[in-house]
Amino acid sequence: MFSPTIDAAAQEELRQLAADKGLKMVAIGVFTSDNPEEWEQLFSFAKAMDMEYVTCEPPLELWDKIEALAEEYQMPVAVHNHPQPSTYWNPDNLLKAIDGRSKLLGSCADVGHWNRQGLDHMECLRKLDGRLVSFHFKDIIAKPEDGSEQHDCIWGEGILDVPAMLSILREQKFQGYLAIEYEYNWDNSVPDIKQCLENLKEQ
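Residues numbered from 1 in each chain as written. Predicted model: local features only at pLDDT ≥ 70, side-chain atom pairs only at ≥ 80, totals over all residues. Heavy atoms only, no water.

Quick look at the side chain of S3
Link 1 in the chain: With respect to the helices, strands and loops of the structure, S3 is situated in the segment before α1 (8-20).
Link 2 in the chain: Excluding anything up to four places from it in sequence, S3 contacts I28 and F45. (Helix = DSSP H or I, 4+ residues; strand = E, 2+ residues; numbered from the N terminus. Contact = heavy atoms within 4.5 Å.)

What about the packing of aromatic side chains?
Link 1 in the chain: Under the defined criterion, the tally for this structure stands at eight aromatic pairs.
Link 2 in the chain: An angle of 85 degrees between the planes, with centres 4.9 Å apart, marks the rings of F31 and W39 as edge-to-face. The pair F31 / W39 is uniform in exposure class, with both members buried.
Link 3 in the chain: What links up through ring pairs into an aromatic cluster is the set F135, F137, W155 and F174. (Phe/Tyr/Trp six-rings, centres within 6.5 Å; stacked < 30°, edge-to-face > 60°. Buried < 20%, exposed > 50% of the residue type's maximum accessible area, 1.4 Å probe, protein only.)

Examining unusual backbone geometry
Link 1 in the chain: The omega torsion of the bond from G29 to V30 falls at 5 degrees, within 30 degrees of zero and hence cis.
Link 2 in the chain: Structurally, V30 is set in strand β1 (residues 27-31).
Link 3 in the chain: Cis rather than trans, the peptide bond between Q84 and P85 has omega equal to 15 degrees.
Link 4 in the chain: Positive phi, normally seen in glycine, also occurs at N185, with a value near 55 degrees.
Link 5 in the chain: Using a relative accessible area of 30% as the deciding quantity, one classes N185 as partly exposed.

Looking at the nonpolar core
Link 1 in the chain: Counting 51 residues, the largest nonpolar core has W39, F43, W63, V77 and F135 as the members making the most contacts within it.
Link 2 in the chain: Once you skip the residues sitting within four places of it in the chain, W63 turns out to touch P58, V77, V79, Y88, L94, A97, I98, R101 and L105.
Link 3 in the chain: Ranked by size, the runner-up nonpolar core spans five residues in total, among them V26, Y53, A78 and V133. (Core = buried A, V, L, I, M, F, W, Y, C linked by side-chain atoms within 4.5 Å.)

A few points about the pattern of salt bridges
Link 1 in the chain: Counted under the stated rule, the structure contains 12 salt bridges.
Link 2 in the chain: The residue D50 makes a salt bridge to K24 at a minimum N-O spacing of 3.6 Å. One end of the pair, D50, is in the loop between α2 (36-48) and β2 (53-56); the other, K24, is in the loop between α1 and β1, and 26 residues separate them in sequence.
Link 3 in the chain: Among the ionic pairs, D92 bridges to K127, the shortest N-O distance being 2.9 Å. Of this pair, D92 sits in helix α4 (residues 91-98) while K127 sits in helix α6 (residues 121-127), and the two are 35 residues apart along the sequence.
Link 4 in the chain: Under the relative-accessibility criterion, K127 is labelled partly exposed at 35%. (Salt bridge = Lys/Arg side-chain N within 4 Å of Asp/Glu carboxyl O.)

See below:
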(Lines give C-alpha, C1' and ligand atoms only; values in the text may rest on other atoms or scores of the structure.)
Protein backbone atom coordinates (compact mmCIF):
# COMPACT_ATOMS: atom_id res chain seq x y z
CA MET A 1 0.00 0.00 0.00
CA PHE A 2 1.33 3.46 -0.90
CA SER A 3 1.93 5.11 2.46
CA PRO A 4 4.66 6.78 4.55
CA THR A 5 5.44 3.38 6.11
CA ILE A 6 6.91 1.74 3.00
CA ASP A 7 10.62 0.96 3.27
CA ALA A 8 13.50 2.63 1.43
CA ALA A 9 13.69 -0.10 -1.23
CA ALA A 10 10.03 0.28 -2.10
CA GLN A 11 10.40 4.05 -2.20
CA GLU A 12 13.24 3.76 -4.69
CA GLU A 13 11.26 1.29 -6.80
CA LEU A 14 8.31 3.70 -6.91
CA ARG A 15 10.53 6.69 -7.76
CA GLN A 16 12.04 4.73 -10.65
CA LEU A 17 8.66 3.49 -11.86
CA ALA A 18 7.29 7.03 -11.92
CA ALA A 19 10.39 8.32 -13.73
CA ASP A 20 10.11 5.55 -16.33
CA LYS A 21 6.50 6.57 -16.99
CA GLY A 22 7.32 10.30 -17.13
CA LEU A 23 5.22 10.93 -14.02
CA LYS A 24 5.75 13.06 -10.92
CA MET A 25 4.26 12.30 -7.52
CA VAL A 26 2.99 15.69 -6.42
CA ALA A 27 1.33 15.02 -3.05
CA ILE A 28 -0.03 12.44 -0.64
CA GLY A 29 -3.23 12.47 1.40
CA VAL A 30 -5.68 12.92 2.87
CA PHE A 31 -3.59 12.07 5.95
CA THR A 32 -4.67 12.30 9.58
CA SER A 33 -3.26 10.95 12.84
CA ASP A 34 -3.16 11.78 16.55
CA ASN A 35 0.41 10.45 16.74
CA PRO A 36 3.17 13.10 16.35
CA GLU A 37 5.64 10.42 15.22
CA GLU A 38 3.40 9.52 12.30
CA TRP A 39 3.41 13.16 11.20
CA GLU A 40 7.21 13.11 11.25
CA GLN A 41 7.08 10.00 9.08
CA LEU A 42 4.68 11.69 6.66
CA PHE A 43 6.88 14.73 6.07
CA SER A 44 10.05 12.64 5.77
CA PHE A 45 8.34 10.38 3.22
CA ALA A 46 6.96 13.29 1.19
CA LYS A 47 10.40 14.88 1.04
CA ALA A 48 12.07 11.60 0.07
CA MET A 49 9.56 11.15 -2.76
CA ASP A 50 10.17 14.73 -3.96
CA MET A 51 6.55 15.75 -3.39
CA GLU A 52 5.45 19.37 -3.37
CA TYR A 53 2.92 19.33 -0.50
CA VAL A 54 0.97 17.08 1.87
CA THR A 55 -2.81 16.95 2.08
CA CYS A 56 -4.21 16.32 5.54
CA GLU A 57 -6.68 17.00 8.35
CA PRO A 58 -4.56 17.76 11.45
CA PRO A 59 -5.89 17.51 14.99
CA LEU A 60 -6.14 21.02 16.43
CA GLU A 61 -3.81 20.14 19.31
CA LEU A 62 -0.96 19.19 16.94
CA TRP A 63 -0.69 22.44 14.97
CA ASP A 64 2.52 23.52 16.73
CA LYS A 65 4.15 20.23 15.70
CA ILE A 66 2.84 20.33 12.13
CA GLU A 67 3.87 23.95 11.64
CA ALA A 68 7.38 23.09 12.84
CA LEU A 69 7.58 20.15 10.42
CA ALA A 70 6.34 22.27 7.52
CA GLU A 71 9.09 24.79 8.22
CA GLU A 72 11.76 22.14 8.76
CA TYR A 73 10.99 20.37 5.49
CA GLN A 74 9.81 23.48 3.63
CA MET A 75 6.74 21.46 2.73
CA PRO A 76 3.36 23.17 2.26
CA VAL A 77 0.42 21.72 4.19
CA ALA A 78 -2.94 21.58 2.38
CA VAL A 79 -5.83 21.02 4.80
CA HIS A 80 -8.84 19.31 3.27
CA ASN A 81 -12.42 20.31 4.04
CA HIS A 82 -14.33 17.06 4.37
CA PRO A 83 -17.99 17.57 5.36
CA GLN A 84 -19.17 17.81 8.96
CA PRO A 85 -18.23 16.51 11.47
CA SER A 86 -14.76 17.28 10.06
CA THR A 87 -13.17 20.17 11.96
CA TYR A 88 -12.31 21.99 8.74
CA TRP A 89 -15.64 21.79 6.90
CA ASN A 90 -15.88 25.58 7.16
CA PRO A 91 -12.88 27.68 6.03
CA ASP A 92 -13.37 29.95 9.03
CA ASN A 93 -12.27 27.04 11.25
CA LEU A 94 -9.09 26.53 9.24
CA LEU A 95 -8.28 30.23 9.16
CA LYS A 96 -8.69 30.42 12.93
CA ALA A 97 -6.39 27.41 13.43
CA ILE A 98 -3.58 28.82 11.26
CA ASP A 99 -3.96 32.52 12.07
CA GLY A 100 -0.52 33.98 12.69
CA ARG A 101 1.20 30.77 11.63
CA SER A 102 3.52 29.94 8.72
CA LYS A 103 2.42 30.82 5.19
CA LEU A 104 3.23 27.20 4.31
CA LEU A 105 -0.10 26.24 5.93
CA GLY A 106 -3.26 26.46 3.87
CA SER A 107 -6.18 24.77 2.19
CA CYS A 108 -6.82 21.85 -0.11
CA ALA A 109 -10.13 23.28 -1.25
CA ASP A 110 -12.99 20.97 -2.19
CA VAL A 111 -15.53 23.36 -3.69
CA GLY A 112 -18.14 20.60 -3.98
CA HIS A 113 -18.05 19.80 -0.26
CA TRP A 114 -18.49 23.48 0.59
CA ASN A 115 -21.55 23.82 -1.62
CA ARG A 116 -23.12 20.59 -0.35
CA GLN A 117 -22.64 21.87 3.22
CA GLY A 118 -24.67 25.00 2.42
CA LEU A 119 -21.65 27.32 2.16
CA ASP A 120 -21.04 29.81 -0.64
CA HIS A 121 -18.04 28.22 -2.34
CA MET A 122 -17.13 31.52 -4.06
CA GLU A 123 -17.01 33.32 -0.73
CA CYS A 124 -14.96 30.46 0.72
CA LEU A 125 -12.40 30.92 -2.06
CA ARG A 126 -12.21 34.64 -1.41
CA LYS A 127 -11.73 34.10 2.34
CA LEU A 128 -8.77 31.80 1.67
CA ASP A 129 -6.87 34.27 -0.51
CA GLY A 130 -3.18 33.62 0.09
CA ARG A 131 -3.90 30.32 1.84
CA LEU A 132 -4.94 28.15 -1.14
CA VAL A 133 -2.37 25.40 -1.66
CA SER A 134 -4.32 23.00 -3.87
CA PHE A 135 -7.80 21.87 -4.92
CA HIS A 136 -9.99 18.84 -5.17
CA PHE A 137 -11.60 20.63 -8.08
CA LYS A 138 -15.05 19.66 -9.34
CA ASP A 139 -18.47 20.68 -10.53
CA ILE A 140 -21.69 19.19 -9.13
CA ILE A 141 -25.32 18.85 -10.15
CA ALA A 142 -28.15 20.85 -8.58
CA LYS A 143 -29.71 19.31 -5.49
CA PRO A 144 -32.18 16.63 -6.69
CA GLU A 145 -35.76 16.97 -5.49
CA ASP A 146 -35.69 13.40 -4.16
CA GLY A 147 -32.88 14.31 -1.76
CA SER A 148 -30.30 12.11 -3.43
CA GLU A 149 -26.62 13.07 -3.65
CA GLN A 150 -25.37 16.11 -5.54
CA HIS A 151 -22.88 14.04 -7.48
CA ASP A 152 -19.94 15.25 -9.54
CA CYS A 153 -20.50 16.22 -13.16
CA ILE A 154 -18.44 17.43 -16.11
CA TRP A 155 -16.84 20.79 -15.34
CA GLY A 156 -18.98 23.62 -16.64
CA GLU A 157 -22.18 21.58 -16.77
CA GLY A 158 -23.14 21.93 -13.09
CA ILE A 159 -23.98 24.67 -10.61
CA LEU A 160 -20.52 25.72 -9.34
CA ASP A 161 -19.76 28.19 -12.16
CA VAL A 162 -16.30 27.02 -13.19
CA PRO A 163 -15.45 30.24 -15.12
CA ALA A 164 -16.22 32.36 -12.04
CA MET A 165 -14.07 30.13 -9.82
CA LEU A 166 -11.18 30.34 -12.26
CA SER A 167 -11.59 34.10 -12.36
CA ILE A 168 -11.13 34.26 -8.57
CA LEU A 169 -8.00 32.13 -8.84
CA ARG A 170 -6.59 34.42 -11.52
CA GLU A 171 -7.25 37.44 -9.32
CA GLN A 172 -5.43 35.73 -6.46
CA LYS A 173 -2.57 34.66 -8.76
CA PHE A 174 -3.04 31.05 -7.65
CA GLN A 175 -0.06 28.89 -8.65
CA GLY A 176 -1.02 25.53 -7.12
CA TYR A 177 -2.62 22.35 -8.41
CA LEU A 178 -6.17 21.57 -9.45
CA ALA A 179 -6.51 17.87 -8.65
CA ILE A 180 -9.31 16.25 -10.62
CA GLU A 181 -11.56 14.50 -8.11
CA TYR A 182 -14.29 12.90 -10.18
CA GLU A 183 -16.29 10.48 -8.05
CA TYR A 184 -19.08 9.64 -10.46
CA ASN A 185 -19.64 7.25 -13.36
CA TRP A 186 -16.92 5.03 -11.90
CA ASP A 187 -17.11 2.33 -14.58
CA ASN A 188 -16.48 4.73 -17.45
CA SER A 189 -15.18 8.01 -15.98
CA VAL A 190 -12.26 8.67 -18.34
CA PRO A 191 -14.35 10.25 -21.15
CA ASP A 192 -15.99 12.55 -18.59
CA ILE A 193 -12.60 13.53 -17.15
CA LYS A 194 -11.24 14.24 -20.62
CA GLN A 195 -14.25 16.50 -21.26
CA CYS A 196 -13.57 18.30 -17.96
CA LEU A 197 -10.07 19.09 -19.23
CA GLU A 198 -11.36 20.24 -22.62
CA ASN A 199 -13.83 22.58 -20.93
CA LEU A 200 -11.08 23.87 -18.65
CA LYS A 201 -8.83 24.63 -21.64
CA GLU A 202 -11.62 26.66 -23.22
CA GLN A 203 -11.66 28.86 -20.11
